[in-house]
Amino acid sequence: MLKNEFKNKVALLTGAASGIGLATAQAFAEAGAAVAITDINENAAQDAAHALQQQGFRALGIRCDVTDEASVAAAVQATVAEFGGLDFAYNNAGIHVPSVETADARAEDFDRVIAVNLKGVWLCMKHQLRHMREQGYGAIVNCSSQSGLVGIAGLGAYTASKHGVIGLTKAAALEYARQGIRINAICPGTTNTPMVAAAMQSHPESMQAVIDEIPAGRMGKPEEIASAVLWLCSAGAGFMVGQIVAPDGGYVIR
Ligand code: NAI
């Protein structure tokens, strides 16, 4: 990404205090954008924003729970109030639940993963689009997963939530394509983040089996997902509408 590609632009990210979101916030800042780091973990969001400020970048840390509509609306408003607009949004916040076969899964885990991973993306798009529609431009990237494209045994609710993100992305992309707003999704493969470290601890065998099947022979790095997000927001991706981009080391083409 060119150093000043996003000079005078504003990016809002959800779940950006850790892992892929944090790396993507860093990449947006390095490309010149002012960055709103939102996360349910307020202290971690503030710390991440502070770290960017110490590098000389413009950043704001905001508590935002993507399952709470008022919290989402307030985060968008705070970003626009602080930085004067909203050019890009990366709807990244997501959770994993323990791997379990469908007959043994708990309804509360299903509800929780759908609330964060699917309804959260919908709520964020809703409030980001209200602003972008008014200004007449913008780019949104939603975070799906390789589990949005293929089935992974034991991850039924997570897989359903991530397939759902692709559907939401395509429908909204059609609605706004003529209004100067591009909406796309990324489907990361297994990427070395705290979420994967936790999954490795809770069910090491099934996680190792997934990693062993990555054609590239390794997990992804958060920066490799970030660069795909930034490209989808860039002018070079100006004709990308409703597309599903999978930085996954070849996992879904096997
Ligand atoms: P992570 O666990 O390192 O970071 C997720 C962040 O989301 C955390 O900072 C957490 O506090 C925040 N969060 C959780 N619930 C939230 C809520 N209700 N509202 C706002 N923020 C909330 O996870 P990671 O690995 O960086 O994942 C980021 C996204 O990438 C997720 O959507 C995940 O499903 C997706 N993904 C990750 C893959 C991986 O291998 N790491 C593979 C495919 C997709």
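So, how was this worked out
- Residues numbered from 1 in each chain as written.
- Predicted model: local features only at pLDDT ≥ 70, side-chain atom pairs only at ≥ 80, totals over all residues.
- Heavy atoms only, no water.
- Buried < 20%, exposed > 50% of the residue type's maximum accessible area, 1.4 Å probe, protein only.
- Helix = DSSP H or I, 4+ residues; strand = E, 2+ residues; numbered from the N terminus.
- Pairing = 2+ DSSP bridges.
- Right-handed = clockwise from strand over helix to strand, strands pointing away.
- Contact = heavy atoms within 4.5 Å.
- Axes fitted to C-alpha atoms, helices over the stretch in contact; angles between N-to-C directions.
- Near = heavy atom within 4 Å.
- Polar contact = N/O pair within 3.5 Å; in protein donor to acceptor, adjacent residues only side chain to side chain.
- Areas by Shrake-Rupley, 256 points an atom, 1.4 Å probe, with all protein chains shown as cover.
- Salt bridge = Lys/Arg side-chain N within 4 Å of Asp/Glu carboxyl O.
- Parallel < 35°, antiparallel > 145°, perpendicular 65-115°, else oblique.
- Left-handed = near helix turned anticlockwise from the far one by under 90°.
- Nonpolar A, V, L, I, M, F, W, Y, C, P; charged D, E, K, R; others polar.
- pLDDT = per-residue confidence, 0-100.

**Section: the pairing of strand β2 (residues 34-39)**
(1) Moving on: Burial analysis of β2 places 6 of its 6 residues in the buried class, which makes it a mostly covered element.
(2) Moving on: With burial as the criterion, each face of β2 is covered, one bearing Ala 34, Ala 36 and Thr 38 and the other bearing Val 35, Ile 37 and Asp 39.
(3) Moving on: Here strand β1 (residues 10-13) pairs with β2 via 4 bridges, running parallel. Within β2, the position partnered with Val 10 by the bridge is Ala 34.
(4) Moving on: Taken together, β1, helix α1 (residues 19-30) and β2 constitute a β-α-β crossover, and its handedness is right-handed.
(5) Moving on: Pairing geometry for β2 and strand β3 (residues 59-63), over 5 bridges, is parallel. Opposite Val 35, over in β3, you have Ala 59 as the bridge partner.
(6) Moving on: Each parallel crossover has a hand, and for β2 linked through helix α2 (residues 42-54) to β3 it is right-handed.

**Notes on the sheet that holds β2**
(1) Moving on: Here 7 strands make up an open sheet; going across it, the order is β3-β2-β1-β4-β5-β6-β7 and the pairing parallel. For this open sheet the edge positions go to β3 and β7 (244-245), each flanked by a neighbour on one side alone.
(2) Moving on: Relative to strand β6 (residues 181-186), helix α5 (residues 156-176) is tilted by about 165°, and along the sheet it contacts β5 (138-143), β6 and β7.

**What to know about the environment of Glu 223**
(1) Moving on: Within the secondary structure layout, Glu 223 lies in helix α8 (residues 222-233).
(2) Moving on: A relative accessible area of 49% places Glu 223 in the partly exposed class.
(3) Moving on: Considering only alpha carbons, one finds Glu 223 and Gly 21, 202 residues apart in sequence, at a separation of 9.5 Å.

**Considerations on the site of the ligand**
(1) Moving on: Residues in contact with the ligand amount to 27 residues; listed here are only the nearest, Ser 18, Asp 39, Tyr 158, Thr 191 and Thr 193.
(2) Moving on: Between the ligand and Asp 65 there is a distance of 3.0 Å, counted from a nitrogen atom to a side-chain nitrogen or oxygen.
(3) Moving on: The contact in question runs from an oxygen atom of the ligand to an N or O atom on the side chain of Thr 193, over 2.5 Å.
(4) Moving on: Isolated, the ligand exposes 830 Å² of accessible area, and the fraction of that covered by the protein chains is 91%.

**Details of the pattern of salt bridges**
(1) Moving on: Scanning the model with the defined rule gives 5 salt bridges in all.
(2) Moving on: Here Glu 224 makes a salt bridge to Arg 218, at a shortest N to O gap of 2.8 Å.
(3) Moving on: The class of Glu 224 is partly exposed, set by a relative accessible area of 30%.
(4) Moving on: On the basis of relative accessibility, which here comes to 39%, the residue Arg 218 falls in the partly exposed class.
(5) Moving on: Put simply, Arg 106, Glu 108 and Asp 109 are held in one network by salt bridges that share partners.

**Some remarks on unusual backbone geometry**
(1) Moving on: Backbone geometry places Asn 8, a non-glycine residue, at a positive phi of 65°.
(2) Moving on: Along the chain, the position of Asn 8 falls in the segment before β1.
(3) Moving on: The exposed category is assigned to Asn 8, whose relative accessible area is 63%.

**Looking at the environment of Gly 32**
(1) Moving on: Relative to the assigned elements, Gly 32 resides in the loop between α1 and β2.
(2) Moving on: In this structure, the C-alpha to C-alpha distance between Gly 32 and Gln 46, residues 14 residues apart in sequence, is 20 Å.
(3) Moving on: Ignoring sequence-local partners within four residues, the contact set of Gly 32 consists of Lys 3, Phe 6, Lys 7 and Asn 8.

**Notes on the packing of α1 against α8**
(1) Moving on: Packing of α1 against α8 leaves a shortest axis separation of 8 Å and a crossing angle of 55°. With respect to each other, α1 and α8 are oriented oblique. Two packed elements cross with a definite hand, and for α1 against α8 that hand is right-handed. Only Pro 222, Glu 223, Ile 225, Ala 226, Val 229, Leu 230 and Cys 233 of α8 make contact with α1, whose side of the interface consists of Gly 19, Ile 20, Ala 23, Thr 24, Ala 27 and Phe 28.
(2) Moving on: Counted by class, the contact of α1 with α8 contains 10 nonpolar, 2 polar and 1 charged residues.

**With respect to the confidence of the model for the protein**
(1) Moving on: Confidence in the prediction of the protein, expressed as mean pLDDT, is 96, and 99% of residues score 70 or more.
(2) Moving on: Across the protein, element-level confidence peaks in strand β4 (residues 88-91) with a mean pLDDT of 99 and bottoms out in helix α7 (residues 204-212) with 87.

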